[in-house]
Amino acid sequence: QVQLVESGGGLVQAGGSLRLSCTASGRTFSSYAMGWFRQAPGKEREFVAAISWRGSSTYYADSVKGRFTISRDNPKNTVYLQMNSLKPEDTASYYCGGRTGTISLKIYEYNYWGQGTQVTVSS
C-alpha cells in the first residue's frame, strides 16, 4: 500500500520561511493528486493546498494565497509546500494526502495520509 512521509517542519520566527516535503512509496506517485492539510491543537483539520497529477493545476486556501506554494517532482515521488511570510496562526501539524483521482479540496476524498510534521511559528 502507499506510504506518505512528511518532513521539513520546525520552529520559525514570524515572517520566516519553511519548505515541507512529502515523499511517497511506490511507482505510481505520478497518477495521484496530492494535497496539504493542517490541524492545530483543538481544531479541525483544514485544507491548505492541492496539486493535480502533473502539477498543471493548483488550489490554495484563502488564508495562504500569495504566501504558500505547492509543487511536485514526480521522478522523486515528492510533493513540496513552500511556506513564506509565516504567521503565528500557521502553527499546526501539517499532513500530506494523496488520492487516486483528480485534484480535490475535500479531506474525505483523500485515500492516503502521512503522519504529519509540526510547524510552529513564534511571535
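So, here's what we can say about the structure. (Residues numbered from 1 in each chain as written. Predicted model: local features only at pLDDT ≥ 70, side-chain atom pairs only at ≥ 80, totals over all residues. Heavy atoms only, no water.)

**Considering the side chain of R67**
Looking at where R67 falls in the secondary structure, it is placed in the loop between strand 6 (58-60) and strand 7 (68-73). Of note is the side chain of R67, whose polar atom sits 2.8 Å from the side chain of D90. (Helix = DSSP H or I, 4+ residues; strand = E, 2+ residues; numbered from the N terminus. Polar contact = N/O pair within 3.5 Å; in protein donor to acceptor, adjacent residues only side chain to side chain.)

**Description of the pattern of salt bridges**
The tally for this structure, following the rule as stated, stands at five salt bridges. Note that R38 and D90 form a salt bridge whose closest N and O atoms lie 2.9 Å from each other. Remark: D90 occurs in the loop between strand 8 (78-83) and strand 9 (92-99) and R38 occurs in strand 4 (residues 33-39); sequence separation between them is 52 residues. Each member of the pair, R38 as well as D90, carries the same accessibility label: buried. With its nearest N and O atoms 3.1 Å apart, the salt bridge here joins K65 to D62. Across the pair, exposure class does not vary: K65 and D62 are exposed alike. Among the charged side chains, a salt-bridge network with shared partners connects R38, E46, R67 and D90. (Salt bridge = Lys/Arg side-chain N within 4 Å of Asp/Glu carboxyl O. Buried < 20%, exposed > 50% of the residue type's maximum accessible area, 1.4 Å probe, protein only.)

**Let's talk about the state of the cysteines**
Scanning the model with the defined rule gives one disulfide in all. In this model C22 forms its disulfide with C96; the gap between the sulfur atoms is 1.9 Å. Between C22 and C96 the disulfide shows an S-S torsion of about 50°. By sign, it is right-handed. You can see C22 sitting in strand 3 (residues 18-24) and its partner C96 sitting in strand 9, a full 74 residues away along the chain. For C22, a relative accessible area of 0% gives the class buried. (Disulfide = S-S within 2.5 Å.)

**Brief notes about the pairing of strand 3**
In terms of residue burial, strand 3 counts as a mostly covered element, since five of its seven residues are buried. Bridge count between strand 1 (residues 4-7) and strand 3: four bridges; the pairing is antiparallel. For L4, the partnering residue across the bridge sits in strand 3 and is A24. Summarising the sheet, strand 3 and strand 8 pair through six bridges and their orientation is antiparallel. When the sheet's bridge partners are listed, R19 is paired in strand 8 with Q82. (Pairing = 2+ DSSP bridges.)

**Observations concerning the pairing of strand 5 (residues 46-51)**
Among the six residues that make up strand 5, five are buried, leaving the element largely enclosed by the rest of the structure. Here strand 4 folds back onto strand 5 in antiparallel fashion, the turn holding six residues, of which G42 has a positive phi close to 75°. When strand 5 meets strand 6, the two strands line up antiparallel, connected through three bridges. Bridge pairing in strand 6 places A49 opposite Y60. Between the end of strand 5 and the start of strand 6, which pair antiparallel, lie six residues, with G55 showing a positive phi angle near 85°.

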